[in-house]
Amino acid sequence: MSLIVQKYGGTSVGSIERIQAVAKRVSKCQARGDKLIVVVSAMSGETDRLLGLAKEVMPRPQGRELDVLLSTGEQVTIALLTMALQSLGLQARSFTGPQISIVTDAAHNKARIQRIDSQRVNDALNAGEVVVVAGFQGVTEIGDITTLGRGGSDTTAVAIAAALNADECQIYTDVDGVYTTDPRIVPDAQRLNRVTYEEMLEMASLGAKVLQIRSVEFASKYQVALRVLSSFEDGPGTLISSEEIIMEDALLSGVTLNRDEAKLTMLGVPDRPGVASAILGPVADANIEVDMILQNMGADGTTDFTFTVHRNDFEAVMSILNAIAAELGARAIEGDNKIVKISLVGVGMRSHAGIASRMFRALATEGINIQMISTSEIKISVVVDEKYSELGVRTLHSEFQLERPR
Ligand code: ADP
Ligand code: ASP
Ligand code: MG
């Protein structure tokens, strides 16, 4: 008998019909004799709707109250799915995050799971019940409700799978696996049979929103076998696992697009020790994460310092830079929030030279100017004007023949 954790995302539980279809799928798996824990998201659009309501009342609501509000979305779905399972004759029980002590830190809206009390879940499983758990939510040590950040139900599922030592964690969504790039941009993108945790981590961090980054970090840390599948049709999906298990020798696994970036430059800063920290210190103090960083030496003893942040933080960083520009002796500040980051990811890059130059040549042939570059062992990222988003992704996808069936 296997223990399987299944997670169904917003679209998969987006209507009563969809919830009933999920209940049927769950009942089929149970009939095979598996023990099942089912994690669900809020019905599609619900989290955005709740966010909209909050903004109508207050432009910047407190994190704590926002979490009380947002966690209701998932509570609706667990109750409805449990009812749907019961009407099929199954024994099922729903649990909110606090009910099974999914304890998190107190970072509201982006809390991290610290531990899960598996006792109640195990008791229900041993009593032959399907356990239905609300994704995306937890509780602090002192009993305040928290949420885990957008897409956080993926992380709930993986954390439960790790805590209960499940045989597999299956993420059911509206695509039938992880693709070489977002199939909405490149229709002939290919489904990957397998990807490594490392590649999936890069892909998720670089814009492939099919899995929340933290869920992949968790899966990798606790070696949870993770599979992305469609809730609409049957199929093998994509298995995410460690490198040793992956037999195929695919050079590159995919192209990602991140539209959430903005770029800022401080021009003509006198070149002396401490400049980088004088610029990035106040940004870090404001709790703003910096992504790419670039420093150019001028011949005149000054430097241009460029970095990227999340687009939501653009205005805040602009005012920070304006406040410190005079003190640092900067000539000017430039900002551009109409940029995107396109990345090429693959473990095969480690052993193959020339990928970067081929990537840059392909972009140049299409007249796409590269504004920034950053690399790691298994990825190359470029920042380009946002008007080249789709063209850039398609160009790289076809340059590296990712549309070839695998
Ligand atoms: P859910 O609501 O089930 O959590 P998400 O919207 O979070 O679903 O994630 C699924 C979506 O991720 C797909 O509809 C697809 O458009 C998008 N996506 C982006 N990049 C990729 C990729 N490389 N492979 C598969 N899907 C991707
Ligand atoms: N409902 C939350 C969101 O929309 C969490 C999730 O779906 O994973 O982000
Ligand atoms: Mg999601």
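Quick caveat: nothing in here was measured; it's all calculated off a predicted structure. (Residues numbered from 1 in each chain as written. Chains lettered and ligands numbered in written order. Predicted model: local features only at pLDDT ≥ 70, side-chain atom pairs only at ≥ 80, totals over all residues. Heavy atoms only, no water.)

1. Considerations on the sheet that holds strand β15 (residues 290–297)
- What the 4 strands build is an open sheet, ordered β15-β16-β14-β17; its pairing is antiparallel. In this open sheet, the two strands that pair with only one neighbour each are β15 and β17 (332–336). If you compare each strand with its neighbour and ignore which way they point, the axes differ by 15° on average.
- Taken together, the 6 bridges between β15 and strand β16 (residues 302–310) define a ladder with antiparallel strand orientation. Its bridge partner lying in β16, Q295 is registered against F305.
- Running at roughly 25° to β16, helix α8 (residues 275–285) makes contact with β14 (261–270), β15 and β16 of the sheet.
- Together, β14, β16 and β17 form the strand contacts of helix α9 (residues 314–328), whose direction differs from that of β14 by roughly 0°. (Pairing = 2+ DSSP bridges. Helix = DSSP H or I, 4+ residues; strand = E, 2+ residues; numbered from the N terminus. Axes fitted to C-alpha atoms, helices over the stretch in contact; angles between N-to-C directions. Contact = heavy atoms within 4.5 Å.)

2. Let's talk about the nonpolar core
- Counting 42 residues, the largest nonpolar core has V5, I37, I160, C169 and I240 as the members making the most contacts within it.
- With 5 residues, the single largest contributor to this core is helix α5 (residues 153–163).
- Setting aside chain neighbours within four positions, we find V5 in contact with I37, V39, A157, I160, A161, A166, E168, C169 and Q170.
- One finds M359, L363, V382 and Y388 within the second-largest nonpolar core, a separate group that totals 24 residues. (Core = buried A, V, L, I, M, F, W, Y, C linked by side-chain atoms within 4.5 Å. Buried < 20%, exposed > 50% of the residue type's maximum accessible area, 1.4 Å probe, protein only.)

3. Quick look at the site of ligand 1
- If you check the shell around ligand 1, you find 16 residues, and the closest are T173, D174, Y179, D182 and R184.
- For ligand 1, an oxygen atom lies 2.8 Å from a polar atom in the side chain of D174.
- Measuring from a nitrogen atom of ligand 1, one finds a backbone N or O atom of Y179 at 2.8 Å.
- Here ligand 1 has 570 Å² of accessible area as a free molecule, and 83% of this is covered by the chains.
- Along the lines of polarity and charge, the residues of the shell around ligand 1 split into 6 nonpolar, 5 polar and 5 charged. (Near = heavy atom within 4 Å. Polar contact = N/O pair within 3.5 Å; in protein donor to acceptor, adjacent residues only side chain to side chain. Areas by Shrake-Rupley, 256 points an atom, 1.4 Å probe, with all protein chains shown as cover. Nonpolar A, V, L, I, M, F, W, Y, C, P; charged D, E, K, R; others polar.)

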